[in-house]
Every structure is written in C-alpha cells, then in structure tokens.
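Listed here are the chains, written in short residue letters.
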Amino acid sequence: MGKITLHPILNNRKLLTAFVLTISTGLLIILANFPSNATSLPSPKLHPLPSTLVQWKDITNSGDYFSQVETTEVGYLIWSKFPIRVYVEQPTAVNNQQAEAWVKSVLQAVQEWSVYLPLTVVEKPEIADIKIERKAPPLKLSPDKKIPRARSALTSYQLYTSNNFLFHRFTILLSPSQTGNYVVAAARHELGHALGIWGHSLSQTDALYFSQVRNPPTISSRDVNTLKRVYQQPTSLGWPLIDNSKMN
Ligand SMILES: [Zn+2]
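How each quantity is defined
Residues numbered from 1 in each chain as written. Predicted model: local features only at pLDDT ≥ 70, side-chain atom pairs only at ≥ 80, totals over all residues. Heavy atoms only, no water. Helix = DSSP H or I, 4+ residues; strand = E, 2+ residues; numbered from the N terminus. Buried < 20%, exposed > 50% of the residue type's maximum accessible area, 1.4 Å probe, protein only. Contact = heavy atoms within 4.5 Å. Areas by Shrake-Rupley, 256 points an atom, 1.4 Å probe, with all protein chains shown as cover. Donors = N, O, S within 2.8 Å, 3.2 Å for Na, K, Ca; no water. 1 Å grid on protein atoms, 1.4 Å probe; cavity = no way out; pocket = protein on both sides within 12 Å on 5 of 7 lines; lining within 4 Å. Points joined across faces, edges and corners; volume = space filled by probe spheres on them. Nonpolar A, V, L, I, M, F, W, Y, C, P; charged D, E, K, R; others polar. Pairing = 2+ DSSP bridges.

Caption draft 1: Up close: the overall build of the chain. A count of helical and extended segments in the chain gives four helices and eleven strands. Taking all 248 residues of the chain together, 49% fall into the buried category. The contacts in the chain between residues at least 6 apart in sequence include a share of 72% that link residues at least 24 apart. By element, 54% of the accessible surface of the chain is carried by carbon and sulfur atoms, the whole surface being about 12,800 Å².

Quick look at the structure:
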C-alpha cells in the first residue's frame, strides 16, 4: 500500500504499535516494538460473527473489495467486545454553532455504521475504543520530501494489552479544513477503516473509495459486504498473549 517506516517506541510494559492510514493516498506508517521473549502474539483465531452482520444480506449481489483490505501483524483489525465505544471530541477552536454542526455530522456517520456493528458514544476519551478529533493531521511529505501536503484526515491505531489480552484502539483526526457534507463523508470513510476495513475501494460509489469525491456516497452494499468478510477472518486481537515461559 505504500512506504513503511519503523520506529521503536520505548515502552517495556506494553506491547505498543501504531499504524496510520490516510484518506488520500493510502500511505501506511508503522510504529512498532515487538513483544519481549517472555510473551508472543496470540495466534490468530476467529471470533463469532456479530449478529448485525449475520443478519446482513445483500439482495443486490454487488460484490465486495475484500482483496483490497490489508491484514496486519496481528491479523485483521476486528473488534470483538461490543458495543464499540466511540468518543467524539467537542471542538473548542470554533464557535458553538460550528462545533455543534461538526459533532452532528460525525454522529451521523457513527449512526450510519451502527446499523452494521454495535457502537455506543461515550463521554470520556480514556475509555474510548475509537476517538474522533477535529484536528489537522500532520503534514505529509511529497515523494521528493520537499513540498509538505495537507491531509484531509488521518486514522491510526495502537495495540495494548489488558489482563494479558491483546486489544487495539483507534484515533481519527479530521482536518478542520473539511466543512459541511465533507465532514460526514470523511467521518464515514475513516470510521470504516477503524471498524476493520483497512484498505480502499477502487469504486467511487463506495464510502471507502480512496479519494474524496464531489458527491460523497453513503455506506454501500459493497462496503458492508467487505466488512462482513473482514469479520469472518482470524485475528490476534481479543485473544490472550502466549506466555512462552510456561511452554518449557
Ligand atoms: Zn482511507
């Protein structure tokens, strides 16, 4: 999908990895340190398919773009604890009316996806699985590394362990330069990544199309078909780490 860079993160207590996917180019940045000798990643296994996706039937038979979805070192980016907790930041850099409009647009995208996976909006960022912020993503360097280019949105995830289980959490940054209908379109697109579609569609009529379009589509049958296939894949997320010291 793009260039990969590795940076160690100094954290000896937690396995910590962050990945980034951008809306415009699909550039992927990996920040990783690997588990110590004492533990290793859970072997990828299937979770039960969420009932919302069991119920989903595509009567139009429109296919999917599952082949475009990336797997990662922990397998597919699948949630297994429901509802998924989403925090939407209250913007402070704009007036109340603009802040309200922004939050409303983002909540609309949350509402749209909640048809397919159980989502709940939480008030505290500390307990969120997915955080959505109105903040300019860091500039991206062009291939010649001379001209920084603006990103409209940036989605990244981190791995962490809790009670020896491996989990992930996402942060979505939506650029303040996006307004009106583009806010909901960007939120919809980035939420699709955060829910597990870690890749892009090549079709303009899908919410996960790799580029922004003038009339952004809503969640398509192909988006949901792809999501459903993702949730039928194995993952290390949501499973216990393997304790190597007990294997001897
Ligand atoms: Zn994207």
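Caption draft 2: Molecular detail of helix 4 (residues 221–230). The buried fraction of helix 4 amounts to eight of the ten residues, a majority that puts the element mostly inside the structure. Inspection of helix 4 places Arg222, Asp223, Val224, Asn225, Thr226, Leu227, Lys228 and Val230 among the buried residues, and these make up the whole buried set. Its buried side turned inward, helix 4 meets helix 1 (51–55) and helix 2 (96–113).

Caption draft 3: Structural view of the coordination of the zinc ion. For the zinc ion, the protein coordination sphere consists of His189 (NE2), His193 (NE2) and His200 (NE2), at 2.0 to 2.1 Å. Positions of the donor residues of the zinc ion, expressed as sequence spacing, correspond to H-x3-H-x6-H. Comparing His193 with His200, the two get one shared label, buried.

Caption draft 4: Spatial organisation of empty space enclosed by the protein. Enumeration according to the criterion identifies one cavity of 30 Å³ or more in this entry. Each pocket or cavity is described by its volume, and for the largest cavity that value is around 120 Å³. Surrounding the largest cavity, 15 residues form its lining, Ala185, Ala207, Ser211, Gln212 and Pro216 being those nearest its centre. Here the lining of the largest cavity is composed, by residue class, of nine nonpolar, four polar and two charged.

Caption draft 5: Structural detail: the pairing of strand 9 (residues 153–162). Of all the ten residues making up strand 9, seven are buried; the element is thus mostly covered by neighbouring parts of the structure. Relative to strand 10 (residues 165–174), strand 9 is paired through ten bridges, and the arrangement is antiparallel. Across the sheet, Thr155 pairs through a bridge with Ile172, a residue of strand 10. Hairpin connection, strand 9 to strand 10: the antiparallel pair is bridged by two residues, and Asn163 has positive phi, about 50°.

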